[in-house]
Amino acid sequence: MPAPTQTPSIPAVLNQADLEAAVGVVRLPQLLRRAGDSDAVFTARVAQVCQQATDHAAGILYQAFSKDAILKLFDSDFAVWADVRYLGAGFCGLFQTELVDPETGAYPFSAQWKQAHRNLLDRVKGQPRMIGEEKAGKNRTVTNRVWRACNKLSAN
């Protein structure tokens, strides 16, 4: 497996306080620490989860927005940023593999992760439109749609 990117193109938009708000102050160390881990290892895991959530969200949004637009969306649209935070919560819950239910595949915060993932996919499609587009610019996916003749007839 390749090493994590040393200089990510989009820096993490989350921090430890954001993850604590999503999963709980007490719960975060329970999810990310293992026996014998030092504070430095815990801090590194928090940073890894924050970057992983940011990269995952940016990867989805990149289908419709440029890197600069994604940075503006993260900065100006609370709903998009909240989706990144819930992705982070899900990555925290997945860190302890023994907490994954083998029958259902559910793990702590998996429902929040799945909903945030769906929200971002829907936003790429323009449903619902993002308020952050006012600052970030138009969604390429929505503006590049091709209307077929059958769509024009049904619209009339």
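Quick summary incoming for the structure in this document. (Residues numbered from 1 in each chain as written. Predicted model: local features only at pLDDT ≥ 70, side-chain atom pairs only at ≥ 80, totals over all residues. Heavy atoms only, no water.)

### A word on the pattern of salt bridges
As enumerated under the stated definition, the model contains three salt bridges in all. Here Asp37 and Arg45 are joined by a salt bridge, their closest N and O atoms 2.3 Å apart. Its relative accessible area of 14% is what places Arg45 among the buried residues. Between Asp83 and Arg123 there is a salt bridge, with the nearest N and O atoms lying 2.4 Å from each other. Taken together, the residues span a long stretch of sequence, with Asp83 in helix H5 (residues 78-95) and Arg123 in helix H6 (residues 110-124) at a distance of 40 residues. (Salt bridge = Lys/Arg side-chain N within 4 Å of Asp/Glu carboxyl O. Buried < 20%, exposed > 50% of the residue type's maximum accessible area, 1.4 Å probe, protein only. Helix = DSSP H or I, 4+ residues; strand = E, 2+ residues; numbered from the N terminus.)

### A short note on the packing of aromatic side chains
Applying the stated criterion to the full structure yields two aromatic pairs. Considering the side-chain rings of Phe78 and Trp81, the 5.6 Å spacing of their centres and the 40 degrees angle between planes classify their relative orientation as tilted. Note that Phe78 and Trp81 are positioned in helix H5 at a spacing of three residues, about one turn of the helix. Owing to a relative accessible area of 57%, Phe78 belongs among the exposed residues under this scheme. Between Phe91 and Trp113, the aromatic rings sit 6.0 Å apart at their centres with planes inclined by 75 degrees, giving edge-to-face as the arrangement. Residue Phe91 is found in helix H5, and its partner Trp113 is found in helix H6; the two are separated by 22 residues along the sequence. (Phe/Tyr/Trp six-rings, centres within 6.5 Å; stacked < 30°, edge-to-face > 60°.)

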